[in-house]
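As a plain string of letters, each chain reads:
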Amino acid sequence: MILQRIYRGLWAVRIRLDGMLLGCLLRLYGAKYGTLRTTGLPHLTIRKGARVTIGNGLRLNNCFYGNALSMHRCAIWVGENARLDIGRDVGISSSHIVASDSVTIEDNVKIGGGCYVMDTDFHSMSPLERLSPDTDRTGTKTAPVTIRENAFIGAASIILKGVTIGKNSIIGAGSVVTGNIPDNQLWAGNPARFIKDL
């Protein structure tokens, strides 16, 4: 019993320190942010000219203590002149957010462990261009991603470029989302398909 209290007390101190360190990193990158709580520190890259805005109440789970599905750290990558907007009271567990153009995550969104949200193909679609490192990224396509208010993204899901997920909608675990999802619906699968209205 006493050991449990000590353990929890030490974790509370670590969470507080992690939050302070993440705040310092975000300030160094010029990000605007509100209150946040993080267990462990995420991988964080914010390139020149990028704009990052984070609302109050962000919760990042980067280790097992924060969430049973959080076996690795979150990774947040915002490219040159790209934009990342995260609303209020958003929870992200062990997931990757890649903004080469624009990613918007609205208020009260939950993103389960091991998800990928990305607004880019990363590489050329042309097999000839991919042969050389000099041309591999030529013509790479990007399109904004928006996850609307109160949506829930189940663990190990992948959200691809150009997708908008509607308000209150749920993406089932392990889904690959390639197209827009309307408000108040459950979608799941690879590729994600309509399951039911909520």
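Chemist: What is the right way to read the overall build of the chain from this model?
Modeler: Scanning the chain from terminus to terminus reveals two helices and 20 strands. Taking 16 Å as the expected radius of gyration for a compact globule of 198 residues, we find that the chain reaches 18 Å, a close match to that expectation. The principal-axis extents of the C-alpha atoms in the chain amount to approximately 60 × 40 × 25 Å. Looking at the chain as a whole, 42% of its 198 residues are labelled buried. Of the contacts made within the chain by residues no fewer than 6 positions apart, 32% connect residues no fewer than 24 positions apart. Here the chain displays about 10,500 Å² of accessible surface, and carbon together with sulfur accounts for 57% of that area. Where the 23 positive side-chain charges of the chain centre and where its 15 negative ones centre are 9 Å apart.

Chemist: Help me understand unusual backbone geometry, please; the structure alone is not making it clear to me.
Modeler: Most peptide bonds take the trans configuration, and most residues that are not glycine carry a negative phi. Cis rather than trans, the peptide bond between asparagine 190 and proline 191 has omega equal to -5°. Positive phi is not limited to glycine here, since asparagine 108 has a value of about 60°. On the secondary structure map, asparagine 108 appears in the loop between β10 (102–105) and β11 (110–111). A relative accessible area of 28% means that asparagine 108 is categorised as partly exposed. One non-glycine residue, phenylalanine 122, lies in positive phi territory at about 75°. Locating phenylalanine 122 in the fold gives a position in the loop between β12 (116–118) and α2 (127–130).

Chemist: Would you mind going over the pairing of strand β20 (residues 193–197) with me for this structure?
Modeler: Two faces, one strand: in a regular strand the side chains alternate between the faces of the sheet. Of the strand pairs in this sheet, strand β19 (residues 185–188) and β20 are connected by four bridges, and their pairing is antiparallel. From the neighbouring strand, glutamine 185 faces β20, where its bridge partner is aspartate 197.

Cut-offs and rules
- Residues numbered from 1 in each chain as written.
- Predicted model: local features only at pLDDT ≥ 70, side-chain atom pairs only at ≥ 80, totals over all residues.
- Heavy atoms only, no water.
- Helix = DSSP H or I, 4+ residues; strand = E, 2+ residues; numbered from the N terminus.
- Rg over C-alpha atoms; globule rule 2.2 N^0.38 Å.
- Buried < 20%, exposed > 50% of the residue type's maximum accessible area, 1.4 Å probe, protein only.
- Contact = heavy atoms within 4.5 Å.
- Areas by Shrake-Rupley, 256 points an atom, 1.4 Å probe, with all protein chains shown as cover.
- Lys, Arg positive; Asp, Glu negative; His and termini not counted.
- Charge placed at Lys NZ, Arg CZ, Asp CG, Glu CD.
- Pairing = 2+ DSSP bridges.

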